[in-house]
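# Descriptive structure summary
So the chains spell out like this:
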Amino acid sequence: MDVDIGEKQIQGVEQKVVLEALASMAARPGCLFLEVGSWCGDTSAILARIARERGGHLVCVDWWKGSPGTGLAEIAKKKDVYAYFWNRMKEEGLEDTVMPLRGQSKHAARILKEGLFDLVFIDADHTYAGVSSDINVCAPLVRNGGVLCGHDCEGRVSDYDLDFLLSGKEKNFHESVHCGVVLAVGEKFKDYSVNYNIWSVRKGGGRWKAAAPRLGKLKDKRQLPPIPIGLTSRHIVMRCGKFVYAAPRRLVEFDPSEEAGRIDPGVVKAATVAELEAIIGQKVEYSDARPVLSGQYRDFNFLRFNGRYWAMSKTLGNVDLAALDPAAVKELEEKGLCAAAGAGAEAEAEDWNELKRLVDELMHLCPVMREEGYRGFNIVAYKKMFYAFSQELGPFDIKTVDEAALAVFTLRQRCAVAATHEDARRLVDDIASLCAESGQKGGKNDDSGKTDHMNG
Ligand SMILES: C[S@@+](CC[C@H](N)C(=O)[O-])C[C@H]1O[C@@H](n2cnc3c(N)ncnc32)[C@H](O)[C@@H]1O
């Protein structure tokens, strides 16, 4: 399929933990979840896995056209995003759990019953009008005791200057903030939770209260590190709450949402971009004349160049993107060391997130833990296959396991390889029943399958 939008994940492990906590809070046997805005199925897969555990289902409402005027809408004109979404659900063994409902959210909501859903997650049109409408049509669909939540809320209304929020409310994204989401949520609810940009409320006695998801060991934080607004030749510029910050370029991991991130003496702050420009004596812009380092994600540096965002593997060192000819760039792309996002005119926040998704896919070339401890096995996605390894093997680097070792592990029922996550689980089930018949514990065997390279 000619789709290179990649397997995506929402930002960082934190948002996954928050979403899982909310879904677990709402889940019950035979539960029904609703997602409004699914795109490639990143959040859908998280929600659907939890619904499936309880024998439940997830309805995914999306028109799969992207939100008007955004980078995603441009992608959807060229690529069959719905086909990608559905393939991914099948790959994850979720085709019997997920029920897509293709159409505009306000139309879809009309055919859904009040109080039907245990959880509704809103992540569609991010303008004030879009989010307000989705909250209004979805809130009645949540049962008493159920959860209503949504994506991309960088805080509470009181965290910001109201005029700033109002100035950005019709845009999808404005100066590092989804103003429409922050305003619509704050207007609709008095008592709500915001954790790592995910807002949530729970219905109790017909009233909405902060859902307060339990995040275990995860530090409770309202906001993820903001996406840059722009750059100067010396600074990266971000908004966080009531202030705009200019951080020296050397602080590539600058995070104004952390107190500690703001105290570097080189960081300048002001109430508006105009004030900031006056203080630093430079205009904030995305200069495309030279590639500029704008941040980093996983093992990649993110650069802004030629109206696009670029991810360059850190293993490349200080390679000069401007000096590379198209063939060299293509070669790096083919090796999974470089990726670009953006239509080429004016890169946006959507492109930044798109690039993160591409990086996630490149990282697919590296092992990714998909499920820990399924009947004593860890299921790892690697090179488009799913490997179930008995936990008894202990930690090791899958990249160092050669064919022969794999065959030995498989023979000893300590490993199974499958094309999908679900098939890997089925093979683990088979191993468990075989072991039960022969009186062994699933995946447990003698230790002679361990090799030197397993502790790498
Ligand atoms: C930000 S993406 C969703 C991302 C997804 N939840 C994830 O984390 O992977 C927004 C999605 O909402 C959809 N969308 C935007 N406006 C919509 C509307 N009015 N009705 C239905 N879907 C809409 C877009 O097609 C897009 O797929």
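### Digging into unusual backbone geometry
Even without being a glycine, Asn 197 presents a positive backbone phi close to 70 degrees. Despite not being glycine, Ala 212 has its phi angle at roughly 45 degrees, a positive value. Residue Ala 212 is classed as partly exposed on the basis of its relative accessible area of 49%.

### Observations concerning the pairing of strand β11 (residues 243-248)
Regular strands show a simple pattern: their side chains alternate between the two faces of the sheet. Within β11, five of the six residues are buried, which leaves the element mostly enclosed by the surrounding structure. Here strand β10 (residues 235-240) runs beside β11; their pairing, made up of six bridges, is antiparallel. The partner of Arg 239 across the bridge, within β11, is Val 244. Bridge count between β11 and strand β12 (residues 268-270): three bridges; the pairing is antiparallel. Residue pairing in the sheet places Val 244 in a bridge with Ala 270 of β12.

### Some remarks on the pattern of salt bridges
Summed over all chains, the structure comprises 17 salt bridges. We note a salt bridge from Glu 20 to Lys 16, for which the minimum N-O separation is 3.1 Å. You can see Glu 20 and its partner Lys 16 sitting in helix α1 (residues 12-26), four residues apart, about one turn around the helix. Residue Glu 20 is classed as partly exposed on the basis of its relative accessible area, which comes to 25%.

### Digging into helix α6 (residues 128-138)
Within α6, burial applies to Tyr 128, Gly 130, Val 131, Ser 132, Asp 134, Ile 135 and Cys 138. Buried residues belonging to α6 abut β1 (32-36), α5 (105-110), β4 (117-122), β5 (142-150), α8 (179-188) and β7 (198-204).

### A word on the nonpolar core
Residues Leu 22, Phe 33, Leu 47, Val 98 and Leu 119 are the most contacted members of the largest nonpolar core, which totals 38 residues. Among residues more than four places away in sequence, those in contact with Val 98 are Ala 48, Leu 58, Cys 60, Phe 85, Trp 86 and Met 89. Counting residues in each nonpolar core, the second largest holds 36 residues, with Leu 112, Val 120, Ile 135 and Val 142 among its members.

### Structural notes on the packing of aromatic side chains
Taken as a whole, this structure holds 17 aromatic pairs when the rule is applied. The interplanar angle of 70 degrees and the centroid separation of 4.9 Å between the aromatic rings of Trp 64 and Tyr 82 together place this pair among those described as edge-to-face. A residue pair is termed long-range when its members are at least 10 positions apart, and Trp 64 in the loop between β2 (57-62) and α3 (71-78) and Tyr 82 in helix α4 (residues 81-91) qualify at 18 residues. The exposure class assigned to Trp 64 is buried, which follows from its relative accessible area of 3%. Where Phe 189 meets Trp 208, the ring centres are 5.9 Å apart and the plane angle is 75 degrees; that geometry is what we call edge-to-face. Here Phe 189, found in the loop between α8 and β6 (193-195), pairs with Trp 208, found in strand β8 (residues 207-210); they are 19 residues apart in sequence, far enough to count as distant. Looking at Phe 189, the relative accessible area reads 4%, which means it is buried. By the ring-pair criterion, three or more aromatic residues cluster together here, those being Tyr 382, Tyr 387, Phe 389, Phe 396 and Phe 409. The ring of Tyr 374 carries the charged tip of Arg 425 above its face, separated from the ring centre by 4.4 Å.

Procedures and definitions
- Residues numbered from 1 in each chain as written.
- Predicted model: local features only at pLDDT ≥ 70, side-chain atom pairs only at ≥ 80, totals over all residues.
- Heavy atoms only, no water.
- Buried < 20%, exposed > 50% of the residue type's maximum accessible area, 1.4 Å probe, protein only.
- Helix = DSSP H or I, 4+ residues; strand = E, 2+ residues; numbered from the N terminus.
- Pairing = 2+ DSSP bridges.
- Salt bridge = Lys/Arg side-chain N within 4 Å of Asp/Glu carboxyl O.
- Contact = heavy atoms within 4.5 Å.
- Core = buried A, V, L, I, M, F, W, Y, C linked by side-chain atoms within 4.5 Å.
- Phe/Tyr/Trp six-rings, centres within 6.5 Å; stacked < 30°, edge-to-face > 60°.
- Lys NZ or Arg CZ within 6 Å of the ring centre and 35° of its normal.

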